[in-house]
Every structure is written in C-alpha cells, then in structure tokens.
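Structural characterization, general
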Amino acid sequence: MAHRKAWMDLTWSKTHTIAMFDEEELLALDGAWEFIGGVLGLGIGPRMRFIQVPSTLRDIPMKEWVIQDLGYNLKDFGMDPSQDLLIVIEEYNIQVFKNKVAITLQSEDTENEVIVWNWMSGEIIRIITGEIRACAFLTEQLLMVGTVLDHSPYAALDIVDLTQDPEPTLASEAKCCSFLFPPLNTDQEFSILTDYTSSSPSNKPQPFTTSQEDRLLVIAIYYGDASRMVIFVPLSTFLGKITGSNSSEPSETFTWEDWGLHGSRIVTNVSLSQIWFCYVHGMKVVAPSVNGVHIFDFNQRGLMRDISRCNLKIGEDYLMGSNICPDEDEYFDHPVESSLPCRVQSFSPPNGRPQDAFMLGEDSIVMIPSDREFIVLEF
C-alpha cells in the first residue's frame, strides 16, 4: 500500500546519483544504456555496468555488476533481467520478447530488414524486408512492423504472424493485417518508432507488480530533430481487432476510425528521446515538456474507478474527451480525432536541474541530465 500511495502522490522516498561513465571515456566513445526490470545497464566501449535500482518500500537492495572487457566496442545492447539475458551488438536496433529477438537492419541503399530468431535455440524464425522504420513484439507470435513509404502520405502498422509460412519475406506480402494511419502531410519527412515494455517482472519476492495483461505502445511520428507527435495505444486495442478479425480475409485493413479514434490518444508538444526508449512501463509513460515532467497513466480500470468514486486528485489532469489535431498541424493532411482517456501527473525535477530524458520502472524514475549523471528517484 505504501508503495502504491507513493506513486499515486508522486512522493519519492530517496534520491540516488549514479555517475554514467568516466569523463575521459565520454570524450572518446558514445555510451549506451537501458533500464529494464529495475536494472540500469550502462555500456561504453568494451565496458558494462549493471545496477539494480533499490526500493526501501519493497525491500529491494542496490546491487552492481561489472563486465570489464567485452572484447570489442559495443554500439547498442538489449537485456531482460527476468531471463538473465544480455545481447550486445556493434550496431543496429534490438527488441527482446521472452525467447525471441528481433533486430532491425537499416540501410540507405537497400530496403530495411528485420531478422527474428529464437535466442535459446539459435533458430532464425523470420526475415522481413521493406520500407520498415521500426518493429515491436505484440505477443510471442505477433510482430508489429511500422512502415512508411518515402515521400508518400501512407503509413501503417503491419502485423506479421510468426507462426505462419516464412515466405514471402516482403512486409507488404507477409502481413496478416494492417492498422492504417490517417494520410500524413507529405511536406515533411516522417519515421515511426514503437516502444513497449516486454520484460516480465523478475522473480523477486514481491506481493504486487505491474500487470502484464495489457501494456502501452508509444508510436512517435516526427521529422528531423523537431517536436514530435506521440500516439499512445494500449496493446488491447490491437489485439482486440486482430482476434476479432475475419479469418477468411487474407489480409484485413483497419482504418484510423476502426482503431485509433477510440483506442488511442494523440499528444503533441512532448519531448520523448529519439534514442533511448525506456520511458514506458506497463500502462505509464514519463515525458518531459516545456511545462515540467508528466506521467501519462492509461490504466483504464484505475481511471474509471477513481471517476466512479469521485476520487479525482487535486493537481492531476484527466484527459477524458476527444482531442483533435487541426488540419494546419504539421503531421496529418486533415483534422484527426482521438479519445482514449488517461490521467496525467506532473512534477518538477529535484533541484531544478535540466534533464535530457527520463526512464521509468516499477520502483523508480531515472533522470538523465545534460551532464550525463543519472538521478534516481526511489519509490
């Protein structure tokens, strides 16, 4: 109860400072980090550190592990502490879901490629090619592939069933269904990123953890380094359509009115990192803006319970009605409506220090200031 109340009131119990890397290393090499399952992973060059972030309220101690020399300089890594899994690569993007790994290979000269394999057996499950911008696992069997045709208003989230025939490999032919976006404004260049929480809670003796029945996907459409439009979508929005689709149709298509109007929430003027994707946990997202730091909570059961009991908290915003992106918006070529309810909590970083990005976990918020020194808010 104390842990839940601390999150509801956004009152952290302690603040921890964790130095990212030595200054000399930062000048010579780029660092990478992840925050999954309550473990903060840091990597630079051939070295890696792993810190289990503590929670006094849940009797979780701070621990640290170090790998001094990988034998090569890492570019990126993925991990899943619940499986004791660490994947280190020299380039490309990684997604991990239970016993499956997906790596997106991006090329300026040829079509992008996603390779999915079983990391336990080493078996390659699927190779998918096309105008792919991102991918994310929905389930162990379903892979979401975000596609945008260059200089075209058309973008979609294609769903590939990994249990089906591995041929063909082209995303447009391999999909079992598609979720279409409204036509994009072709005056700009766009890409799509998808974020999700894949790691199940580790086997710690805790009475309560975030439910894995539903989780939030964050779809960001942006251009260059400018401001971004973010679409928050629960996993249940997609699975409800996929499981209820007509099995006689070889490839069903869902328009925005089918899935996005009532099953998502569009938010603009938030600043989510284009590099680090650990700002999602369960049904929550932490996002900075010009007005402070916001936590968007899309737990529909909790939200409806508070409303039915008139238990609305002072200082919190409840986004209940529809919102419309106007036609002069830089993202879509006509007004687009969305209406998924959510609760928004806001806070100011301690000491008023500027932050580059935030990461969110079961027991903590990790802040990444401009000086690359991590600040951990413990709950």
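The structure displayed is predicted, hence computed values, not measured ones.

Looking only at helices and strands, the protein chain has six helices and 30 strands in total. Per-residue burial over the protein chain gives 52% buried out of 379 residues. Summing over all exposed atoms, the protein chain offers an accessible surface of approximately 17,800 Å²; the carbon and sulfur share of this is 49%.

This part takes up the side chain of Ser338. Locating Ser338 in the fold gives a position in strand β26 (residues 336–338). In this structure the side chain of Ser338 is engaged in a polar contact, spanning 2.9 Å, whose partner is the backbone nitrogen of Ile266. Excluding anything up to four places from it in sequence, Ser338 contacts Trp256, Gly260, Leu261, Ser264, Arg265, Ile266, Gly321, Ser322 and Asn323.

Glycine aside, residues mostly have negative phi, and peptide bonds are mostly found in the trans state. One non-glycine residue, Asp59, adopts positive backbone phi at about 55°. Along the polypeptide, Asp59 turns up in the loop between β4 (47–52) and β5 (63–67). A relative accessible area of 69% places Asp59 in the exposed class. Residue Asp84 is not a glycine yet carries a positive backbone phi of 55°. Looking at where Asp84 falls in the secondary structure, it is placed in the loop between β6 (76–80) and β7 (85–89). Given the relative accessible area of 75%, Asp84 is considered exposed.

Ranked by internal contacts, the top residues of the largest apolar core, which has 31 residues, are Val218, Phe232, Val285, Phe296, Phe298, Phe347 and Ile365. Those residues in contact with Ile365 that lie beyond four places of it in its chain are Trp7, Ile295, Phe347, Phe358, Met359, Leu360, Ile375, Val376, Leu377 and Phe379.

Relative to the helices and strands, Lys63 is located in strand β5. Taking the relative accessible area as the measure of exposure, Lys63 reaches 42% and is therefore partly exposed. For the pair formed by Lys63 and Gln52, sequence separation is 11 residues and the distance between their alpha carbons is 5.0 Å.

With that settled, the discussion passes to the sheet that holds strand β22 (residues 284–289). Taken together, five strands build an open sheet; the order of strands is β21-β22-β23-β27-β24 and the sheet is antiparallel. Strand pairing shows two members of the sheet lacking a second neighbour, β21 (280–281) and β24 (317–319), which therefore form its edges. With three bridges connecting them, β24 and strand β27 (residues 342–347) associate as antiparallel partners. Its bridge partner being in β27, Tyr318 is matched across the sheet by Arg343. Taken strand by strand, helix α1 (residues 2–9) contacts β22, β23 (292–297) and β27, and its axis lies near 80° from that of β27.

Structurally, the position occupied by Ser55 is in the loop between β4 and β5. Given the relative accessible area of 0%, Ser55 is considered buried. Each residue touching Ser55, except ones within four places of it in the same chain, is listed here: His3, Ile60, Asp363, Glu378 and Phe379.

As a further point, take the packing of helix α4 (residues 235–243) against helix α5 (residues 256–263). Two numbers describe how α4 lies on α5: the axes approach to 10 Å, and their chain directions differ by 150°. By the criterion of interaxial angle, the relationship of α4 to α5 is roughly antiparallel. Considering only the axes of α4 and α5, their crossing is right-handed. Only Asp258, Trp259 and Gly263 of α5 make contact with α4, whose side of the interface consists of Thr237, Phe238 and Lys241. Class assignment for the residues of the contact of α4 with α5 results in two nonpolar, two polar and two charged.

This part is about the packing of aromatic side chains. All told, the structure shown has 13 aromatic pairs when counted by the stated rule. Their ring planes at 70° and their centres at 5.0 Å tell us that Trp256 and Trp259 sit as a pair that is edge-to-face. Taken as a pair, Trp256 and Trp259 lie in helix α5 at a separation of three residues, close to a single helical turn. Owing to a relative accessible area of 2%, Trp259 belongs among the buried residues under this scheme. Linked through ring pairs, Phe179, Phe181, Phe238, Phe254, Trp256 and Trp259 together constitute an aromatic cluster.

Thresholds applied
- Residues numbered from 1 in each chain as written.
- Predicted model: local features only at pLDDT ≥ 70, side-chain atom pairs only at ≥ 80, totals over all residues.
- Heavy atoms only, no water.
- Helix = DSSP H or I, 4+ residues; strand = E, 2+ residues; numbered from the N terminus.
- Buried < 20%, exposed > 50% of the residue type's maximum accessible area, 1.4 Å probe, protein only.
- Areas by Shrake-Rupley, 256 points an atom, 1.4 Å probe, with all protein chains shown as cover.
- Polar contact = N/O pair within 3.5 Å; in protein donor to acceptor, adjacent residues only side chain to side chain.
- Contact = heavy atoms within 4.5 Å.
- Core = buried A, V, L, I, M, F, W, Y, C linked by side-chain atoms within 4.5 Å.
- Pairing = 2+ DSSP bridges.
- Axes fitted to C-alpha atoms, helices over the stretch in contact; angles between N-to-C directions.
- Parallel < 35°, antiparallel > 145°, perpendicular 65-115°, else oblique.
- Left-handed = near helix turned anticlockwise from the far one by under 90°.
- Nonpolar A, V, L, I, M, F, W, Y, C, P; charged D, E, K, R; others polar.
- Phe/Tyr/Trp six-rings, centres within 6.5 Å; stacked < 30°, edge-to-face > 60°.

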